[in-house]
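If you want the building blocks of each chain, they are given just below.
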Amino acid sequence: VFYGVITPGRFGGFIKAAYLKERLGANIGKAVSSVLIDRILDTISIFILAFFGGLFLVHKFLNLSYVIFLGFLFVVAASYVIFNKELTRSLLRFFYNRFLPERFKQSVRESFYSFYENLPRLSSLAIPFVVNITSWVVTYTIAYAVALSFGIRISFFVLITMYAITTVISIIPITISGLGTREASLIGLLGVFGIEAEKIVAMSLLAFFIGAVLPGIVGLIFILKGMKNGNVYKTRQGS
């Protein structure tokens, strides 16, 4: 969480693969498959909520729902490619044969097969998907509670779907954790409902602090503790 907060697009969250590899003593392909599936479920959940948000804005931004829907289709198509071992192998074969140095080929081959050996069946992802989308609703509920504290009166469902749209925008790795882009997009989206820009910015920053910065600080404490003990990845046995 900490590394995700301090990197554009929260790509730092992929360091979780290194933690899993170290903790499980497994091939990096196995660890990456877990993290990648988590990110895919994340992205699909956000796009679904964002699509409903786009429907609220059809009268103002006619093309927004179409853009979100096309983005959703792109994510689904990319996920299909990732889950299709033969298709992915065909797409990567050219790069593997032409550009990958010989000394890396064996480890890349092992990681590739380890990745697909540990991919779960799609049917087993139903419960993780429900948990994932629920966690996003909980995260956006924090923002709704903050909005109420600033005297912002808006429908709960409208706010969480507007936030989902801004999350889609903040995925683009422009700024750290979407700072600035999130606030600008919220001003544009919530301004349609007559909410003042000052309240929107204050709400966004406080919700970000509560929902992301505070958990990140907890993560930083554990990182520093691990460094002090001479091991960044492994946790104390039995803890």
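Up top you'll find the structure we're talking about.
For the structure given in this document, a descriptive report is provided here. A quick note: this is a predicted structure, and the numbers were derived from the prediction, not measured. (Residues numbered from 1 in each chain as written. Predicted model: local features only at pLDDT ≥ 70, side-chain atom pairs only at ≥ 80, totals over all residues. Heavy atoms only, no water.)

What the protein contains, in helices and strands, is 10 helices and 0 strands. Every one of the 239 residues in the protein was classed for burial, and the buried ones make up 35%. Sequence separation of at least 24 residues holds for 69% of the intrachain contacts in the protein that already meet a minimum separation of 6. Carbon and sulfur atoms provide 70% of the accessible area of the protein, an area that totals close to 13,800 Å². (Helix = DSSP H or I, 4+ residues; strand = E, 2+ residues; numbered from the N terminus. Buried < 20%, exposed > 50% of the residue type's maximum accessible area, 1.4 Å probe, protein only. Contact = heavy atoms within 4.5 Å. Areas by Shrake-Rupley, 256 points an atom, 1.4 Å probe, with all protein chains shown as cover.)

This part is about the side chain of Thr161. One can find Thr161 in helix α8 (residues 156-171). In terms of polar contacts, Thr161 uses its side chain to reach the backbone carbonyl oxygen of Val158, at 2.9 Å. Apart from residues lying up to four places away in sequence, Thr161 is in contact with Leu49, Ala50, Phe52, Gly53 and Phe56. (Polar contact = N/O pair within 3.5 Å; in protein donor to acceptor, adjacent residues only side chain to side chain.)

Turning next to helix α10 (residues 197-228). Helix length check: α10, at 32 residues, gives a terminal C-alpha distance of 44 Å against a target of 46 Å (1.5 Å per residue), a fit within 8%. Residue Phe209 marks the point of greatest curvature in α10, where the axis turns by about 40°. The complete set of buried residues in α10 reads Ile200, Met203, Ser204, Ala207, Phe208, Ala212, Gly216, Ile223 and Gly226. Residues of α10 that are buried make contact with α1 (2-5), α2 (16-24), α7 (126-149), α8 and α9 (181-190). (Expected span 1.5 Å × (residues − 1). Bend = angle between axes of the 7 residues up to and from the residue.)

A word on the nonpolar core. Counting 41 residues, the largest nonpolar core has Tyr140, Leu159, Tyr163, Leu190 and Met203 as its most contacted members. Of all the elements in the fold, those that place two or more residues in this core are α3 (28-56), α4 (64-83), α6 (102-117), α7, α8, α9 and α10. At 9 residues, α3 tops the list of elements feeding residues into this core. (Core = buried A, V, L, I, M, F, W, Y, C linked by side-chain atoms within 4.5 Å.)

Okay, the environment of Ala126 next. For Ala126, the position within the fold is in helix α7. A C-alpha to C-alpha distance of 9.9 Å links Ala126 and Leu41, two positions 85 residues apart in sequence.

Let us now look at the packing of aromatic side chains. Counted by the stated rule, this structure contains 6 aromatic pairs. Aromatic side chains Tyr144 and Phe156 sit 5.1 Å apart centroid to centroid with 85° between the ring planes, which places their arrangement in the edge-to-face category. Of this pair, Tyr144 sits in helix α7 while Phe156 sits in helix α8; the two residues are 12 residues apart in sequence, bridging distant segments of the chain. Grouped by ring-pair contacts, the aromatic residues Phe51, Phe52 and Phe157 constitute a single cluster. (Phe/Tyr/Trp six-rings, centres within 6.5 Å; stacked < 30°, edge-to-face > 60°.)

Attention shifts here to a nonpolar patch on the surface. Where nonpolar side chains cluster on the molecular surface, the patch consists of Ile142, Leu206, Phe209, Ile210, Leu214, Ile217 and Ile221 and spans about 550 Å² of accessible area. With 6 residues, α10 is the largest single contributor of residues to the nonpolar patch. Within the secondary structure, Ile217 is located in helix α10. (Patch = residues over 30% accessible without salt bridge, like charges linked within 9 Å, V, L, I, M, F, W, Y side chains within 5 Å. Salt bridge = Lys/Arg side-chain N within 4 Å of Asp/Glu carboxyl O.)

Turning our attention to the pattern of salt bridges. Going through the model one piece at a time under the given rule, you end up with 2 salt bridges. Notably, a salt bridge pairs Lys16 with Asp38, separated by 3.0 Å at the nearest N-O pair. Placement of Lys16 in helix α2 and of Asp38 in helix α3 is noted, with a sequence separation of 22 residues between them. The partly exposed category is assigned to Lys16, whose relative accessible area is 37%. Relative accessible area serves as the criterion here: at 30%, Asp38 is assigned to the partly exposed category.

Further remarks concern the environment of Tyr144. Separated by 15 residues in sequence, Tyr144 and Leu159 have C-alpha atoms that sit 6.8 Å apart. Residues within four places of Tyr144 in sequence aside, it is in contact with Ile154, Ser155, Phe156 and Leu159.

Turning next to the environment of Gly12. Following the sequence through the fold, Gly12 ends up in the loop between α1 and α2. Each C-alpha atom of the pair Gly12 and Ile44 lies 19 Å from the other, and the pair is 32 residues apart in sequence. Beyond its immediate sequence surroundings of up to four residues, Gly12 is in contact with Tyr3, Gly4 and Thr7.

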